[in-house]
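Remarks on the overall topology
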Number of protein chains: 2
Amino acid sequence: MMTGGTLPNVVILGAGFGGLAAAKALAGKDVNIILVDRQNHHLFQPLLYQVATAGLSPADIAAPIRSIVKSDKNIRVVLDCVTAIDAANRRIVLQKSAPLPFDYAIVANGARHSYFANGEWEAIAPGLKTIDDATKIRRAVLLALEHAEIETDKALRDALLTFVVIGGGPTGVEMAGAIAELAHTSVSMDFRHITPHCSRIILVDSGDRLLKSFPPDLSQKAQAHLSELGVEIKLNMRITDLQAHGVKIGTDWTYAQTIVWAAGVMASPVGAWLQINCERSGKVPVQPDLRIARYPRVFAIGDVASCSGRDGNPLPGIAAVAKQQGRYVADVILAQVRGAPPPAPFRYRNYGNIATIGRRRAVADFGRFKLSGFAAWLVWSVVHIWFLAGYRNRLVVGANWLWSYVTFDRSARLITGIGNDTVIEAADVRMGSTQ
Amino acid sequence: MMTGGTLPNVVILGAGFGGLAAAKALAGKDVNIILVDRQNHHLFQPLLYQVATAGLSPADIAAPIRSIVKSDKNIRVVLDCVTAIDAANRRIVLQKSAPLPFDYAIVANGARHSYFANGEWEAIAPGLKTIDDATKIRRAVLLALEHAEIETDKALRDALLTFVVIGGGPTGVEMAGAIAELAHTSVSMDFRHITPHCSRIILVDSGDRLLKSFPPDLSQKAQAHLSELGVEIKLNMRITDLQAHGVKIGTDWTYAQTIVWAAGVMASPVGAWLQINCERSGKVPVQPDLRIARYPRVFAIGDVASCSGRDGNPLPGIAAVAKQQGRYVADVILAQVRGAPPPAPFRYRNYGNIATIGRRRAVADFGRFKLSGFAAWLVWSVVHIWFLAGYRNRLVVGANWLWSYVTFDRSARLITGIGNDTVIEAADVRMGSTQ
C-alpha cells in the first residue's frame with residue numbers, strides 16, 4: 001500500500017467493456033481513476049440489434065456510468081469528448097473540460113462503423129454502434145411497415161417491404177434474423193393489409209460464407225437457419241452503389257426503403273490523437289503488455305488495439321477480449337505503481353463465440369465443441385442475460401425475453417423522433433429502374 | 001345485429017385515452033373502425049413526467065396501438081396526420097394516405113402545450129406532451145448536471161444547477177417534485193464535485209395557489225410537501241421574459257440552463273379542420289350527447305371538447321373524463337346504428353383526482369374524502385400501475401418502481417440524441433445580469 005504523497009492518476013478513455021473492466025479492477029486501489037466517455041451510459045453492444053429491431057428498449061441494455069461506479073470512491077466520471085492525447089506532457093485534451101493530467105492512460109474508445117471511401121452512404125444506410133443508431137434503424141424499419149400498410153402502389157409497397165442488410169458478420173446475421181422475424185411474425189398479427197409474405201429481407205456479403213470468424217460448418221448452419229426465417233442470402237456480392245431508393249448489388253438494383261450497414265468498422269482516431277501511425281482499420285499496434293511502443297504510459301485495449309492471439313490471427317472485436325485486456329492492464333499498472341514485477345504478456349482466453357439467429361436459434365463455437373439451433377440459443381440467452389451490466393437490467397431483460405418468447409409481443413416497438421425521415425417515392429423506383 | 005349490407009365506418013382521430021376507449025367499446029360490433037394517430041403508440045401521459053425525470057423508460061409508459069387492438073379484427077390502424085375534416089362530404093383528409101370516408105367521426109386528438117403569444121419560448125422551455133418532449137427534457141436535465149460537474153466557474157455552475165418549472169398545475173407540481181428528487185438524492189450518490197445543496201428548483205405560478213383543480217387544503221399540503229423536497233415556490237408571479245440563459249420572473253432575472261413549460265395547453269386545431277368557431281383554448285363546444293352542433297355525425301371528446309360538469313365548471317383535462325366520453329360516444333353511435341333510443345346525456349362520474357409529489361407523497365381528492373402524504377402516494381401508485389395500458393407494462397412499471405423505491409436507483413437515466421443542444425455560457429450569465 002502506498003501511503004502519503006499524491007496517488008497516481010489513471011485516465012481511462014471510454015466506458016465500454018474494456019474501459020469499465022479496467023476501472024473496476026482499479027477501484028479501491030491506490031490510484032485516482034478518471035473515466036471519460038462522450039455518452040453518459042455504458043452500452044451492452046451485443047444486444048444493440050435487439051433495440052434496432054424493437055425487441056428490447058434502450059434502458060434494457062444501457063446503464064448510466066455514474067450508477068455503475070457510484071460506490072467506487074476513487075473513480076470520477078467525466079462526460080466529454082477527447083480531442084488529443086498529449087503524451088509528451090502526459091495530459092488528455094478534452095472538448096469542454098480542462099485537460100486531464102495522467103500518470104497512466106488507457107485508450108479504450110472502441111470503434112465506429114466505417115463506409116471506407118463511401119462516407120456519403122452513411123445517411124442512407126445507418127450502422128449500429130450507439131443507442132441513437134439503434135432507435136434510428138428501429139424507426140426506419142417500423143415506419144417502412146406503417147407506410148407499406150397504407151401504400152396502394154404495388155412497386156412502392158414492395159420497396160417499402162424490402163430490407164437489405166449489408167455485411168454477414170455477427171451483427172449483420174443478427175440484424176437480418178431479427179428483421180425477418182419482426183416483418184414476418186409480428187406483421188401477421190398486427191397489420192390488416194400487408195401480410196408476412198410481402199416482405200423481403202436480403203443479407204449481402206462479399207465473402208463466400210457468413211460469420212467468417214466461426215468454423216465453416218457453423219457458417220453453414222447459420223445460413224440454413226436464416227433461410228428458414230425467409231432471409232435471402234447473397235454471397236460473393238459487392239455493393240457497387242447506394243441511393244435513397246435502393247442498393248446496387250453487383251450489377252443489379254434492388255429497390256429498398258430500409259438499408260442497414262454492418263459491413264465494416266474503423267477504430268476511434270487514436271492515431272490522430274497520438275500522432276502515430278495506425279493500421280488501415282485505425283487500430284494502434286501494441287506491445288505484449290498492451291502498451292503503445294512510443295508511449296509506455298499509454299495503453300490501448302479493445303477495438304482500438306491491434307493484438308494477435310496465439311494462432312497469430314487478430315483477436316476478434318468482442319466484449320470478452322476487451323474485458324480481459326482491461327483487467328490485464330489494471331494489473332500491469334498496479335504492479336508498476338507498487339514496484340512489483342510486471343505480469344506475463346497478455347494472453348486471451350477464449351471462452352467461446354456465439355451469434356444468434358432470430359428468436360430460437362443460434363450458433364456457438366466453444367473451441368472443443370460446437371452447438372447450433374435451439375440449444376445454442378438457450379446458452380446464448382443465459383450468457384447474455386448474465387453478463388448484462390447491473391442487476392436490474394438482468395432481471396428486466398430476462399422478464400422481457402420470457403414474455404416476448406411466450407406471447408410474440410414486441411413491447412419496445414415505439415417509433416420516436418419522427419422528423420424529416422425520407423420515404424421512398426414512386427419517382428425513385430421508376431427513376432431507379434432506368435439506371 | 002345488422003346483417004348484410006355495408007357496415008358503417010367510424011373514423012376515430014387520436015388513440016389517446018378517449019379514442020382508444022371508444023375503439024375498444026366498438027370492437028367486435030357491427031361497425032368498421034379506423035383509428036388514426038400520428039404516433040404509432042398509445043401514451044400513458046400521466047406518467048410522462050417520470051420519463052422526463054429519468055424514473056421510467058419510454059417503453060414503460062407507451063404501447064404500440066397495433067398491439068393493443070391486434071385481436072379486434074374490425075379495427076384498422078392508420079399512422080397519419082389529419083389535415084381537414086370534410087364534414088359535408090363525410091371524409092377525413094389525411095397528409096399521406098387517401099381520404100377516409102366516414103359515417104361517424106370521433107375527434108379525440110387531445111391538446112399540445114401552448115405558449116400563447118410567445119411561440120418563440122418553445123425552443124427554450126420545452127413542454128411535456130410526447131415521448132420526444134420527455135426525452136428532450138430528460139437530456140436537458142441530465143446534461144445540466146453533467147456540465148455542472150465539470151464546470152469551474154461558480155456563476156455558471158449555479159445557472160446549470162437551477163431548474164425552473166413554469167406552471168403549478170399537476171404536471172408542473174409533479175415535474176418540480178421529481179426534478180428535486182433527481183437533483184438532490186441521486187446527485188449525492190453519483191457525482192463527486194456537485195452536491196445536493198448546489199441545486200435550486202423553482203416552481204412559478206401566476207395564481208395564488210398550486211393545483212387549482214384541487215381543494216385549497218390539498219394545495220397547501222402539496223406546497224408543504226414540495227418545500228420539504230427543497231422546491232422554491234413562487235406564487236402570484238408571471239414570466240415576463242424567457243431567454244436561453246434564464247427566465248425573468250416578474251422583474252427579476254433568474255439564470256437557469258433548464259426551463260420546463262407546464263403553464264398552458266391548446267387543443268388540436270379542430271376548429272380549423274372543421275371551419276367552425278372554437279373557444280380561446282381551442283376546444284370545440286359540444287351538445288349534451290357530445291356531438292358538434294353543426295355536424296351531427298361528428299363527435300368531440302377529451303381535451304378537444306368543451307364540456308361542463310354538473311357544477312357548471314369545465315371538466316378537467318384528465319384521462320378519466322376522456323375514457324368515459326369515449327365509451328359514451330360508442331354507445332350513442334351503436335344506438336343510432338341499431339335504431340335504438342339514444343342514451344341519456346353524458347354525465348361525468350368523478351372517481352377522484354390525484355397528483356404525486358416526489359417519491360413518497362401525493363395529494364388525492366375523492367370528493368367525499370381527501371388524502372395526502374404517503375397514503376395518497378400508495379393509492380396513486382396502485383391506481384397508475386393498474387390503469388397502464390397492457391399487462392406487460394403494468395408488471396414492468398411495478399417492478400421498476402419497487403426497485404427504484406428500495407434502491408434509489410434511476411435506471412432510465414440515459415442521455416440519448418445528443419446533438420446541437422445549447423449549453424449556457426459565461427457570457428450569457430454576465431450579459432443577462434445587465435438587463
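Just above sits the structure.
Presented here is a report on the structure given in the accompanying data block. (Residues numbered from 1 in each chain as written. Chains lettered and ligands numbered in written order. Predicted model: local features only at pLDDT ≥ 70, side-chain atom pairs only at ≥ 80, totals over all residues. Heavy atoms only, no water.)

**Examining the interface of chain B and chain A**
For the record, the criterion: Two residues qualify as a contact provided that any one of their heavy atoms is within 4.5 Å of a heavy atom in the partner residue. When two parts are put together, the accessible area they lose, computed with a 1.4 Å probe and summed over both, is reported as buried area. Any carboxyl oxygen of Asp or Glu within 4 Å of a side-chain nitrogen of Lys or Arg constitutes a salt bridge here. The definition of a polar contact used here is a pair of N or O atoms within 3.5 Å, where within protein one atom must be able to donate a hydrogen and the other to accept one, and adjacent residues in sequence count solely through side-chain atom pairs. Per the convention used, a helix needs a DSSP run of H or I reaching at least four residues, while a strand needs a run of E reaching at least two, with both numbered from the N terminus. Under the grouping applied here, Gly and all other residues not named as nonpolar or charged are polar, the nonpolar ones being Ala, Val, Leu, Ile, Met, Phe, Trp, Tyr, Cys and Pro and the charged ones Asp, Glu, Lys and Arg.
Facing 49 residues of chain B, the contacting portion of chain A comprises 49 residues. Interface area for chain B against chain A, summed over the two sides, is near 4,300 Å², with a carbon-plus-sulfur share of 55%. At the boundary of chain B with chain A, the tally comes to 2 salt bridges. The shortest N-O distance in the salt bridge between Arg66 of chain A and Glu146 of chain B comes to 2.5 Å. Taken together, the connections running from chain B to chain A amount to 8 residue pairs in polar contact (both at pLDDT 80 or more). Taken together, the elements giving at least two residues each to the side of chain B that touches chain A come down to strand 4 (62-64), helix 3 (65-68), strand 5 (75-79), helix 4 (131-150), helix 6 (170-190) and helix 11 (391-407) of chain B. Residue contributions to the side of chain B that touches chain A peak at 8 residues, all from helix 4 of chain B. Its residues placed into classes, the side of chain B that touches chain A shows 19 nonpolar, 13 polar and 17 charged.

**Observations regarding the packing of aromatic side chains**
We apply this condition: Ring pairs shown here join Phe, Tyr and Trp side chains whose ring centres sit within 6.5 Å, with only the six-membered ring taken for Trp; geometry is labelled stacked below 30 degrees between planes, edge-to-face above 60, and tilted in between.
Under the defined criterion, the tally for this structure stands at 12 aromatic pairs over all chains. Both rings, one in Tyr115 of chain A and one in Trp261 of chain A, keep their centres 4.7 Å apart while their planes meet at 25°; by these two values the pair is stacked. One end of the pair, Tyr115 of chain A, is in the loop between strand 10 (111-113) and helix 4 (131-150); the other, Trp261 of chain A, is in strand 17 (residues 258-261), and 146 residues separate them in sequence. For the ring pair Trp121 of chain B and Trp261 of chain B, a centre distance of 5.8 Å and an interplane angle of 65° mean the geometry is edge-to-face.

**Here's the deal with the relation of the copies chain B and chain A**
Selection criterion: C-alpha atoms of residues with pLDDT of at least 70 in both copies form the basis for the least-squares superposition of the copies.
For the pair chain B and chain A, the superposition axis carries a translation of 0.0 Å, the fit reaches an RMSD of 0.0 Å, and the rotation angle comes to 180°. When the rotation and shift are considered jointly, the pair of chain copies conforms to a two-fold rotation axis. Most of the interface of chain B is mirrored in chain A: 98% of its interface residues are interface residues there too.

**Some words on the packing of helix 4 of chain B against helix 6 of chain B**
All names here are of chain B. Applicable threshold: Where helices are involved, their axes are fitted lines through C-alpha atoms of the stretch in contact, as for all axes, and angles between N-to-C directions lie from 0 to 180°. Handedness of each helix crossing follows the sense of rotation of the near helix against the far helix: counterclockwise by less than a right angle gives left-handed, clockwise gives right-handed.
Axis separation between helix 4 and helix 6 bottoms out at 12 Å; the angle between their running directions is 35°. Regarding helix 4 and helix 6, the two cross each other, and that crossing is right-handed. On the side of helix 4, the interface is formed by Ile137, Val141, Leu142 and Leu145, while helix 6 contributes Met175, Ile179, Leu182 and Val187. Looking at the contact of helix 4 with helix 6, its residues break down into 8 nonpolar, no polar and no charged.

**A look at the pattern of salt bridges**
Residue and element names in this part refer to chain A. Counted only if it meets this: Accessible area is worked out with a 1.4 Å probe on protein chains only. A residue is then buried under 20% of its type maximum, exposed over 50%, and partly exposed in between.
For the structure shown, the criterion picks out 24 salt bridges over all chains. The residue Arg112 makes a salt bridge to Asp133 at a minimum N-O spacing of 3.1 Å. Within this pair, whereas Arg112 is found in strand 10, its partner Asp133 is found in helix 4, the two being separated by 21 residues in sequence. Judged by its relative accessible area of 26%, Arg112 is partly exposed. Among the residues examined, Asp133 registers a relative accessible area of 11% and is labelled buried. Of the charged contacts in the structure, one is a salt bridge between Arg291 and Asp289, with a shortest N-O distance of 2.7 Å. Residue classification places Arg291 among the buried positions, given a relative accessible area of 15%.

**Examining the side chain of Thr254 of chain B**
Along the polypeptide, Thr254 of chain B turns up in strand 16 (residues 252-255). Under the relative-accessibility criterion, Thr254 of chain B is labelled buried at 11%.

**Some points on the pairing of strand 14 (residues 239-243) of chain B**
All names here are of chain B. Our working rule: At least two DSSP bridges between two strands are required for those strands to pair.
Pairing of strand 14 with strand 15 (residues 246-249), which is carried by 4 bridges, proceeds in the antiparallel orientation. Its bridge partner lying in strand 15, Ile239 is registered against Ile249. Between the end of strand 14 and the start of strand 15, which pair antiparallel, lie 2 residues.

**Examining the packing of helix 1 (residues 17-26) of chain B against helix 9 (residues 319-338) of chain B**
Residue and element names in this part refer to chain B. Relative to each other, helix 1 and helix 9 sit at 35°, their axes nearing to 7 Å. As for how helix 1 packs across helix 9, the hand of that crossing is right-handed. Of the residues in helix 9, those in contact with Phe17, Gly18, Ala21, Ala22, Ala25 and Leu26 of helix 1 are Ala319, Ala322, Lys323, Gly326, Arg327, Ala330 and Leu334. Among the residues forming the contact of helix 1 with helix 9, the class breakdown is 9 nonpolar, 2 polar and 2 charged.

**Section: the sheet that holds strand 7 (residues 91-94) of chain A**
Residues and elements named next belong to chain A. If you walk across this open sheet you meet the 3 strands as 6-7-8, and the pairing is antiparallel. Each edge of the open sheet is held by one strand with a lone partner, namely strand 6 (82-86) and strand 8 (100-101). Of the strand pairs in this sheet, strand 6 and strand 7 are connected by 4 bridges, and their pairing is antiparallel. Counterpart to Asp86 in the pairing with strand 7 is Arg91.

**Some remarks on the nonpolar core**
All names here are of chain A. To keep it simple, the criterion reads: Definition of nonpolar core: a set of buried residues of the types Ala, Val, Leu, Ile, Met, Phe, Trp, Tyr and Cys, connected through side-chain atoms within 4.5 Å.
Counting residues in each nonpolar core, the largest one holds 63 residues, and the members touching the most others are Leu35, Ile85, Ile92, Leu274 and Leu290. Per-element tally for this core: the top contributor is helix 9 (residues 319-338), with 8 residues. Those residues within four positions of Leu35 in sequence are excluded, and the remaining contacts are Ile12, Gly14, Ala15, Gly19, Leu20, Ala23, Ile65, Val69, Ile75, Arg76, Val77 and Val78.

Functional significance is not addressed by these values, which are geometric in nature.
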